[in-house]
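# A look at the structure
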Amino acid sequence: MGRWTLHLSVGLGVVAALLTCISAEENYCFASRGKTCSECLQTGIGCAYCPEETFKGPRCDLYKNILAHGCSAAAVISAKSSMMIEKNRAIDVNTQQSQVSPQQVSMTFLPGEAKLLDVKVFSPTKGPLDLYILMDFSNSMEDDLDNLKQMGNELAGLVKDLSDDHTIGFGKFVDKVIEPQTDMRPSKLKQPWPNSDAPFSFQNAIKLTSDVPAFIRKLQDERISGNLDAPEGGFDAILQAAVCGDKIGWRKYSTHLLVFSTESAFHYEADGVNVLSGILPRNDEKCHLDTDGKYTKATEQDYPSIPTLVRLLRKHNIIPIFAVTNHSYTYYNKLKEYFPIAEIGLLQEDSSNILQIMATAFKNIRSKMSINAEDKLKAFEAQFLNTSGEVAPYGAFNIQPGAIGEFQVRLQAHRMIGNDPVCSIPPADKNGTMQIKPTTFNTGVSLKASVLCPVCDCEKTPTRNADRCHGHGDLVCGKCQCHEGWQGAFCDCSAAASALDTNQCIGPGMKEPCSGRGDCMACGTCVCYNPDQFEGPYCQYDNTQCRRHSGFLCNDRGSCVMGQCACIEGWEGDACQCPKSNQTCLNSKLELCSGRGKCVCGRCECQDFGTEMSPTCEPNFQFQFGVCEATRACAQCKAWKTGEKKDQKECDKCPIKVVMVDELKEKEKVLDFCSFHDEDDDCTYDYTVETNKDPTVKNLWVEVLKKKDCPAGGLLWLLPLFLFLLLLLALLLLCCWKYCACCAACWQSCLALLPCCRRGRMVGFKEDEYLLRQSQLSSDYLDTPMVRTGPPKGTDVVRWKVTDNVHRGPNHPQALIKPNPEEMIQFPISLRLNRLFSENLSQPDSKESEQLRREVAENLNVAYRQIPGAQKVQQTSFRLQSNAGKRQDYTIMDSVLTAPRSSYQDIVKVTERNTQSGNFHDLKVVPGYYTVATDREAAGAVEFQEGVESVDVHVPLFVKEEDDDKKQLQVEARDVPLGIAKIGKRLVNITIIKEHATSIFSFLQPAYTYSRQDGMINIPISREIIEDGRTQVSYRTRDLTAKDNKDYMFADGDLSFGPGETQKKAPVRLLELGENDSLLEDKQVKQFVMVLSKPRQGAKLGRYPKTTVTITDKPEPSVMMFKKSTENFTTSDPSYIIPVVRTRNQDSSATVKWRTKKAQRFELSGPLKFGPGETEKNIVINPKSYPGSIQPETFQLELFDPSNNAAVGERRTTLVNVTEGALKSPEIAQMQQQGFINQKATSPGGHVPSPENLKAKATGPRNIRLNWDPAPGNPMGYKVKYWIYGDPEKDAEVLDVKTPQAELTNLYPYCDYEMRVCAYNAFGDGYDTDIVSCQTLEDVPGEPGRLAFNVISPTVTQLSWAEPAETNGNITAYEVIYTPIDDELKPVGAAKKVMIDNPKKRMMLIENLQSAQTYQYKVRAKNSVGWGPFRDASINLASQPARPLSIPIIPDIPIVDAEAGDEYDSYLMYSNDVLKSPTSSKTPSVTGDDYTMNGKWDQNFLFPGGSVTRNMSASSSPMSTLSSNYRGAGGSFTTESTTTYMSGPGSSHRQDVIGGGVHSSQVIMRKHSESRGYADENIRDSIVMGDISSKFPDLAPSGGFGYTGMQSSTQSQFSYSLSQVSRARTQPSDINEALYSLDRVLQDARFSPGVPETPSRLVFSALGPTALKVSWQEPHCEKDILGYCVLYQLLNGGETKRINVTNPAENSVVIHDLLPNHSYLFKVKAQSQEGWGPEREGVITIESAVDPKSPLSPVPGSPFTLSTPSAPGPLVFTALSPDSLQLSWEKPRKPNGDILGYVVTCEQLHGGGDVRSFQVNGDSAETSLTVPNLAENVPYKFKVQARTTQGFGPEREGIITIESQDGGALSQYNSQSMVRRDVFQMPTQVTTRTNVSHTMLDDPYFSDGMMMTTQHTETSGMVRRQVTREVVQRSVMGGATVTKKMFYET
């Protein structure tokens, strides 16, 4: 009990200490748990220590806490720092030089302490100035030097204006005098250019001098020099000018300016050029000028780096001014940003404005003063504050010359450096002298600073063997330090005696020692298992179980300590959910909650005023009905005792204070101004409303004007008489009408009794047919009149339906495509509400419209809840229906319900039933009217009221882009469910003719990104003109995550285009975020949509009818792309000029790289740099500069690798066509290049010029229509040439036409074509037009490629398929149907469907199939047009050989549980978790003929006659899998394995294989010693064998064969190699051969024998919104599995729940208590007798609709799906070349925070090489990265991780290999070096017999199929392991076969 009391007191003390610091930012004194007094004081400022022996609280804590816990103030030990000003000379303004005060200060700091120092500075009006001009002396600067010489007098005047005490100097530079920078020929070394000096690096030509005339005279003697390459060696010159202070002449107290003038870029350290010249040593940063001022070490050391220049110029107080020309401005503008202070000026080509640049730069430097702390110590942080005490931004100190300025220095000592206390770092990092000075000053404050690390005096005098410590310890500073073997606070517990007593570790109310979370040590001391999670005397506190807010532990604004949240500064509450600041509770007048409430937890709690309040407790009448409407009745009753509340009791309840006044206040000064009509006296009264001046008073303040505005009196007494007479007249008229109606009805009834006159009511359509033109349609609906004949008495309701595309027959291709019944589609619904229409309802933003929209949504959602899968209604609007009889003034409601297509009939029934009842839940509707539509049919009803003879049917027209040119709809009157009318004209046909549009409107892009800082943005809308004229289109914005009036201003309008206009812009204003938004709202990506609609005058909408606008806080990137997709040149052109254009964000610099592809004579690349404001740059290629003659050719140019602030646009590549051309004179060539001469028009010979204005337009999937302007002259006809993009033009088809138009037919769908046209006459063909390109339209895809099955077991198979050979568009999804069938191919069970919505995943794994059951599998593809035909195959898995599980590493392939149901999304699994077995099969079973070779598609089959493309292999095994047969009895076993090995010399050219050969060998091994049995699972065998000596002589000494050997067991792992000679055996060993590498065995050996491995994979199946089935595969284990353990918890923390599975036969559990829409972490591990194995992890979320009022309660009957966490999407690899690939991935669906970019790592899968890391910025929907410098045939592992505002997300992994396809690829490995050496002990006695018969093929293509694996050779007991490469097998028709048999016998 005493021990408990001690623990309890300690625990209470700890909790008490915690509670005292719960609101502090961090109580580091207590948290440090300092063991000694000195450690406590060194923790940080404010820490104190209590040395009293009887003190019970924490000894180390804040000073105030120590006192609060009972320590006497006199005993408390603390430390203090010091500050002393050692030198403080007053500033003398008469001294014209820079001064500071004080000059010298010393300070000591406790860790974490901050101090302020006041500093005064003085900058003279014209202080001393040293101006050094450093000029580029390359030949191109000759005119610049001449101008500078002529400006001598102006230069003298400038220097005098800048300073009265000045010096001026001059230096010159060129570059290092060595190749390749300089021409090293003797003649050029002497004089590189006429009248020039010899080349040099740098020379100080004129030392700084005050004699300006002498400076000008010396300058006249200077001559230019020269070098070779464009960049110059200016960095060498800058460094020497900085460090050679005495030789340059810099003065101590002057301002140092260095003017650097050049027109070229610069060399810098390690830029590569010095490697070519052999200069490798780094720059030593020392002065190396000789007596002539020349730099002597230029050819001995590298250029300096940029950081070196920045540091040295700052150290020597030199301010650079870069005067550069436009050629290099962007380089130096970026360089300027690295210097603390620097200026740049744009130099004219001849430097004529250099003096203006100097003057402007000096003025700017004087105005941008900033403060620096030089030689700052690592332990300190410095800030500089202005006189207001605010941290001043860089360059913001406005200290006027001639005046004394002031600022403050805030210097703070760090408490921690990384994870180490500041007192533990080296003394040099925490003690030293810093210089505080303005950037333009040479003098500053010398501040000596040091960190104080105090040591307590009481530690120096301990009490040895103190009585308080029971003689077993020393008393140090009031605390016992126990001797060895003793423990406890008073050393009264023997560790040896109490080691076995665990009861001391059980606290009050606990059952387990240390709460089951730690080990009980001696004396009741608990050591927690995870100290970061569990703490407390009994490990009773779990730091993951503190209170949460919004799912975050301690609201992510505090830490969990001892079970409670310790909040950071500014936050409080039990979950740190409440800000201490009241900023969010202030109204616009900065009043707290407007004085009507209190601020609680950052939000106002308003008093009850009987009305709606704003978030800051301001009366929010606008939110309800408006201020006037809300106060009308109360103001009327209190002022005039009239109105609806004139009863005194009702009037007294009014929450307003009324005052009668003679005059009302102005409208601007009150809350609202109101005016109403008083019905009691027919007068108008006015009043104003404002909030009460006394905030404690609830009532509003209402001032009413005493005088009413009443009409004139006199004749009021006549009014009652007039009303009486009017009423009497109306009564007489009503009686007359009723009498006449009765007579007429009786007369008609009598007639109806006669046989000849009998007739009833008839209803039907008025017209038989309507013919419409689509271009003239103003709506998607047609009001079709229906008429009623006969007696119009009574009501008739007529039901109707409409069907789209009735003109298509049953065999029409589109009619054969059946829609997917589970597809979610939109159902437009229309109802007639039982309320009159008002003008406000036509305005979507009005309050009335908003309220009614909300009422409609609530009631319709309840009514349609019974529809399975139905979502909430959206897009609700209101309108009037003309010609609706007596109901045409009632409101028509249009809305959209999203639901599965199959629920159409159910929706119609629900709608009809509710309409008949007159109620949709609580919404009143008019019976007899409704419409329900899909995208292809509709149904509805209309009502004829009594006396109504005609009503309109609002028929949807289903206008779609894919409609036929002429389509027909049929409207049918079905029946009359209410009334006696019969149907007459039942049908009406509507024909819509789809004319070709005159214009096409579209956004340029599907998405835009703009910055909030842009303010007003303009979104471009393009118009493609087909027939010119005037046209119009409407635009409108719509909210997504961005909200109107909060993030942007709603915009809509019409854009009118005149003749010839092709683009206009729609303006939208972006809004800045308010302060409250930035404080409380999450950082969500803000987006809105702009939609085009209502194209007029024959126009239609094009490719992008809507665009998504993303609002960011960063400026949008520049977009760079080629100006045209095709450029044409001739062989006689002197150069090829290809323009590149830039759009968006043109105010900054941007860079993109370019390169040529497939050019015959050159492979070029380089950067293209856009300066600020530049929108177009040219790539210039001089074809004559490269060897060989210029021949006609076609090559590509590609843009890639843009800078961080840029992106590459749609035209990433351009095609350059070079055709044969006649030689031109240089003058004509230049004029043609500039566009002054049209070569087609000036060519002689009578040939026809080229036609003009060639246009192409796709009219169908296989048709393109061409038209052009007729050629001048009288051409006899035209020739149209067209070919597929990428094919040579010589293969073009030619079409001869006689008119200036043509129709191309029988084309490939969705294919790019190029076309050109020429006219011809009697002289022959004329000149061609430029090439135009056009893409045919999409068509449904063809069949997918043949289905392939990788049979895993009789109930599990992997199904894969190839993309359709004819995609005819972009594939968007695949559908897989598998059905059990009998021998007659008839279904014997339900078919199951799976839709894969990612077209990149053409693979799935199907589990839990019926054993021995034949299944039919069908796969079809979908694109934007629709579904294509099925590809099917049937297979019985039981008849196939079983193979171990092997799935290529394709992230997130679907894995289907055949027992889990039919829902598309009821399954999910991580294929990353599937272990890759080394015995995988790479040869799938293929339906039909065998078109695969070694598991890879035969390229001739897939692409007949086509070129072979580079393949990507995702396999990790370097060889084909060989099945093995083991027969063993006792110690004998036999293995037989066969593989195919092809050999032959390599060649890059393809030839057919004529013959083949056979190579076989038999190896018989006999081993004598022990007799031992072998289990199948312990032996894996595969040997790849061949005559390797012909190709690899180094690998096969003595003509032997190399064998790969491996054993995988619990005892040993080894590899060996056999030759044809015997070897002595030194120790017994088992000889087992395996097919995998030694790396795999070593990896498997990390587990202890008998411990289970990781469960192979986790499969998740959703059983409901809160229920989940978790399955796993039994792991490999050498001993029996005893059971499993399943752990799961919320991903963001929480209680960990455990499920024990004691039956090892069970491999799944069902969990029912999950939360919807919450991510869970699952872990599964197995147990054997040896212990628990490692865990397999998976993260999963069940997504479902939840009740808004209860977010943890799913909506009954709502759909549920599984989703993955926030990892990036699947990795997609595309090979670009043998050594580079493109990696792309999709954006995470649910990232944790806003995505800032990604981190990509790349490493070799089996080790070797460095791990490479890439940073990718941006958050696009799909991101790509090009990875260069890879090796062929080496598997690489890539990881992609998203970087968000909340940190880093989970990783996505993928493994890929670029496999070679070069015929001669193997030759390069003849001399490949060994990569690893392994030494093994060989068997004592091994006999080998080998028989070889070999026929070598000499086919030069044959080595393409050569397959090599890991080879071992053996020499003198030493085994060498040689890793070679695998070559992809291509179309080889024959080959050599190697057959190997091995026999082992004991």
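Residues numbered from 1 in each chain as written. Predicted model: local features only at pLDDT ≥ 70, side-chain atom pairs only at ≥ 80, totals over all residues. Heavy atoms only, no water.

## Digging into the state of the cysteines
Cut-off, in case you're wondering: Disulfide assignment relies on a single distance test, namely cysteine sulfur atoms paired within 2.5 Å. Working definition: helices are DSSP H or I runs of at least four residues, strands are E runs of at least two. Numbering for both runs from the N terminus. A 1.4 Å probe rolled over the protein chains alone gives each residue an accessible area, and that area as a share of the maximum for its type sets the label: buried under 20%, exposed over 50%, partly exposed in between.
A full pass over the atoms with the stated rule returns 23 disulfides. Between the sulfur atoms of C469 and its disulfide mate C480 the distance is 2.0 Å. When the S-S torsion is -100 degrees, as for the bridge of C469 with C480, the disulfide is left-handed. One end of the pair, C469, is in the loop between β19 (445–451) and β20 (473–476); the other, C480, is in strand β21 (residues 479–482), and 11 residues separate them in sequence. Residue C469 shares its accessibility class with C480, and that shared class is buried.

## Concerning the packing of aromatic side chains
Filter applied, for reference: Side-chain rings of Phe, Tyr and Trp (the six-membered ring for Trp) are treated as a pair once their centres are within 6.5 Å; stacked means planes under 30 degrees apart, edge-to-face means over 60, and tilted covers the remaining angles. Two conditions define a charge located above a ring, namely a distance within 6 Å from the ring centre to NZ of Lys or CZ of Arg, and an angle within 35 degrees of the ring normal.
Evaluated as defined, the whole model comprises 33 aromatic pairs. When the centroid spacing of 6.5 Å and the interplanar angle of 40 degrees are considered together, the rings of F676 and Y685 count as tilted. Grouping residues by exposure puts F676 and Y685 together as buried. With a centroid separation of 5.6 Å and 65 degrees between ring planes, the pair formed by W1361 and Y1374 is classed as edge-to-face. Placement of the pair is W1361 in the loop between β81 (1356–1360) and β82 (1373–1380) and Y1374 in strand β82, with a sequence separation of 13 residues. Three or more aromatic residues joined by ring pairs form one cluster here, namely F173, F235, F260, F266, Y268, F322, Y332 and F339. One cation-aromatic arrangement involves K115 over F109; the distance from NZ or CZ to the ring centre is 5.2 Å. Positioned above the aromatic ring of F1200 is the side chain of R1155, whose terminal nitrogen or guanidinium carbon lies 3.9 Å from the ring centre.

## A look at the side chain of E222
As a reminder, the rule being used: Contact between two residues is taken to exist if any of their heavy atoms lie within 4.5 Å; hydrogens are not considered.
Topologically, E222 is positioned in the loop between α8 (212–220) and α9 (234–243). Judged by relative accessible area, E222 falls into the buried class, the value being 11%. Leaving out residues up to four positions away in the same chain, E222 has contacts with F137, L145, K149, F170, K172 and A205.

## Digging into the nonpolar core
Note the following rule: Think of a nonpolar core as a cluster: buried Ala, Val, Leu, Ile, Met, Phe, Trp, Tyr and Cys residues, connected wherever their side-chain atoms sit within 4.5 Å.
Counting residues in each nonpolar core, the largest one holds 37 residues, and the members touching the most others are F137, L155, I168, F170, F215, L257 and M358. Of all elements in the fold, only β7 (129–136), α5 (142–150), α6 (152–162), β8 (166–173), α8, β10 (255–262), β11 (318–324) and α14 (354–367) reach the threshold of two or more residues within this core. Here this core takes seven residues from α14, the largest share from any one element. In this structure L257 touches L129, D130, L131, Y132, W250, I319, I321, F362 and I365, once residues within four positions along its chain are discounted. Residues A241, I248, W250 and Y332 belong to the second largest nonpolar core, which totals 33 residues.

## As for a negative patch on the surface
Using the following cut-off: Think of a patch as exposed residues, more than 30% relative accessible area, with no salt bridge, where like charges cluster within 9 Å and nonpolar side chains (Val, Leu, Ile, Met, Phe, Trp, Tyr) cluster within 5 Å. Here the Shrake-Rupley method, with its probe set to 1.4 Å, supplies the accessible areas, and only the displayed protein chains count as covering residues. What makes a salt bridge here is a side-chain nitrogen of Lys or Arg within 4 Å of a carboxyl oxygen of Asp or Glu, nothing more. Under the convention used here, Asp and Glu are negative, Lys and Arg are positive, and both His and the chain ends fall outside the count. The atom standing in for a charge is NZ when the residue is Lys, CZ when it is Arg, CG when it is Asp and CD when it is Glu.
Together, E142, D143, D146 and E349 make up a negatively charged patch on the protein surface. With respect to the helices, strands and loops of the structure, E349 is situated in the loop between β12 (343–346) and α14. Judged by relative accessible area, E349 falls into the partly exposed class, the value being 43%.

## Here's the deal with the sheet that holds strand β56 (residues 1016–1025)
Let me state the cut-off plainly: Only strands that DSSP links by at least two bridges are regarded as paired with each other. Between N-to-C directions, angles cover 0 to 180 degrees, with each direction set by a line fitted to C-alpha atoms, over the stretch in contact for helices.
Reading across from one edge, β59-β56-β54-β61 is the order of the four strands in this open sheet, with mixed pairing throughout. At either end of the open sheet lies a strand with only one pairing partner, and these are β59 (1063–1069) and β61 (1099–1101). Put simply, the sheet's adjacent strands are angled 30 degrees from each other on average, direction ignored. Two strands pair when backbone bridges link them, and strand β54 (residues 999–1003) and β61 are joined in this way by three bridges, in the parallel orientation. Pairing of S999 across the sheet is with A1099, part of β61.

## Quick look at a nonpolar patch on the surface
There is a patch of nonpolar side chains on the surface, built from L718, L721, F724, L725, L728 and L732 and spanning about 570 Å² of accessible area. Tracing the backbone through its elements, the reader meets F724 in helix α18 (residues 718–753).

## Some points on unusual backbone geometry
Look at the link from S101 to P102: it is a cis peptide, with omega at 0 degrees. Checked against the element boundaries, P102 lands in the loop between β4 (99–101) and β5 (104–109). Between E179 and P180 the backbone carries a cis peptide bond, its omega angle lying at 5 degrees. When you line up the elements, P180 lands in the loop between β8 and α7 (186–190). Located in the positive-phi region is C601, a residue other than glycine, with phi close to 55 degrees. Its place among the elements puts C601 in the loop between β34 (597–600) and β35 (603–606).

## Brief notes about the sheet that holds strand β6 (residues 114–122)
Pairing is antiparallel across the open sheet formed by four strands, whose spatial order is β4-β6-β15-β14. Looking along the sheet, the strands with just one partner apiece sit at the ends: β4 and β14 (380–385). Each strand axis lies, on average, 30 degrees off the axis of its neighbour in the sheet, ignoring direction. Here β4 pairs with β6 via three bridges, running antiparallel. By the bridge assignment for β6, S101 is matched with K120.

## So, the packing of α6 against α8
The condition that has to hold: Handedness of a crossing follows from how the near helix is turned relative to the far one, being left-handed for an anticlockwise turn of less than a right angle and right-handed for a clockwise one. In this classification, Asp, Glu, Lys and Arg are treated as charged, Ala, Val, Leu, Ile, Met, Phe, Trp, Tyr, Cys and Pro as nonpolar, and every other residue, Gly included, as polar.
Remark: α6 packs on α8, axes separated minimally by 10 Å, with the N-to-C direction vectors making an angle of 145 degrees. Here the hand of the crossing between α6 and α8 comes out right-handed. In this structure, α6 contributes G152, N153, L155 and A156 to the contact, and α8 contributes V212, F215 and I216. Along the lines of polarity and charge, the residues of the contact of α6 with α8 split into five nonpolar, two polar and no charged.

These values are about where atoms sit, not about what they do.
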